[in-house]
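Residue-level listing of the chains:
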Amino acid sequence: MKSQKYHMKKILATLVCILSAFLSQAQVSVINSGFTTNLTKNDLPFSGDRKLFATGLNDRLSNNYIVVSKNKHGAENDELYIEKFTETSNQNFNLSFSTKLTHKINLSLAFVNNRMMYSDIDKDGYAEFLFIVDEHTNGVGSNVEKTNGIIVYKNTAYKIWRLAKDLFNKNYYDTNYLQLPEEVRTEFESFWNKYNFKP
């Protein structure tokens, strides 16, 4: 009986070690808090005039905040920023990534905040993420003309998109897209291809 308990404890200890090792390689924590809910430009100097979305994104090797912001209502055009702020050794947060999308008509860029993906696909300790942004032809309520997927890998943006003219059935890629490691492309495209595109 004692022998069985001893073996069970050894097996359990081994499983805990394996699980801990796995989590230390792959863990990504997305944190919504009062700070991200009430975040202002006084807290983090994001580029837009108004915040659309903010969340904490902690991986094995860094603590971060992701902020999506836009320019003012009524501006001549539409500007949408996706930015990442990373904690430094003195517990401040510095801008580590920024990308900007523009449209000639205000209120035409729509951030889809219920369709995103965070992961450490290559197990390097840093999280990759994908955000989706729809482009409308002529502001809110008009047809979607383009759906963009913005993949952020090692603080560089890689873009994939589909167009209404193809009934959203064909993928297009920016020039640096093939520089993504194959495993990262495959994982994100699997998620992307399941998205409910609006014809």
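Everything here concerns the structure above.
Residues numbered from 1 in each chain as written. Predicted model: local features only at pLDDT ≥ 70, side-chain atom pairs only at ≥ 80, totals over all residues. Heavy atoms only, no water.

J.: Hey, could you go over the sheet that holds strand 3 (residues 63-70) for me, with residue numbers and the actual values?
T.: The strand order across the open sheet formed by five strands is 1-2-3-4-5, and the pairing between neighbours is antiparallel. Sheet topology places strand 1 (29-31) and strand 5 (93-103) at the edges, where each strand pairs with a single neighbour. Each strand axis lies, on average, 20° off the axis of its neighbour in the sheet, ignoring direction. In this sheet, strand 2 (residues 50-58) lies alongside strand 1 in antiparallel orientation, the contact comprising three bridges. Paired with serine 29 across the two strands is asparagine 58, which belongs to strand 2. (Pairing = 2+ DSSP bridges. Helix = DSSP H or I, 4+ residues; strand = E, 2+ residues; numbered from the N terminus. Axes fitted to C-alpha atoms, helices over the stretch in contact; angles between N-to-C directions.)

J.: Account for the sheet that holds strand 10 (residues 172-173), with residues named and values stated.
T.: Strand order in this open sheet of five strands is 6-7-8-9-10, and the pairing throughout is antiparallel. A strand with exactly one partner marks an edge of an open sheet, and here the two such strands are strand 6 (109-119) and strand 10. With eight bridges joining them, strand 6 and strand 7 (residues 128-136) adopt antiparallel strand pairing. Counterpart to leucine 109 in the pairing with strand 7 is glutamate 135. On top of the sheet, helix 3 (residues 182-192) reaches strand 6, strand 7, strand 8 (144-153), strand 9 (156-163) and strand 10; it is set at about 45° to strand 7, its chief contact. (Contact = heavy atoms within 4.5 Å.)

J.: Break down helix 3 for me, citing the residues and quoting the values.
T.: Along helix 3, the residues classified as buried are Val184, Arg185, Phe188, Glu189, Phe191 and Trp192. Projected down its long axis, helix 3 carries its buried residues within an arc of 155°, all on one side. Buried residues belonging to helix 3 abut strand 6, strand 7, strand 8, strand 9 and strand 10. (Buried < 20%, exposed > 50% of the residue type's maximum accessible area, 1.4 Å probe, protein only. Arc of directions from axis to C-beta.)

J.: Describe in detail the pattern of salt bridges, supporting the description with residues and values.
T.: Within this structure, the stated rule accounts for three salt bridges. The partner of lysine 70 in a salt bridge is aspartate 78, and the shortest N-O contact between them spans 2.8 Å. Aspartate 78 shares its class with lysine 70; the two are buried. (Salt bridge = Lys/Arg side-chain N within 4 Å of Asp/Glu carboxyl O.)

J.: I'd love a proper account of the pairing of strand 5, names of residues and values included.
T.: Across ten bridges, the pairing between strand 4 (residues 78-87) and strand 5 is antiparallel. Bridging from a neighbouring strand, glutamate 87 pairs with phenylalanine 93 of strand 5. If you look at the hairpin formed by strand 4 and strand 5, you'll find five residues sitting between the two strands, and glutamine 91 has a positive phi there, around 70°.

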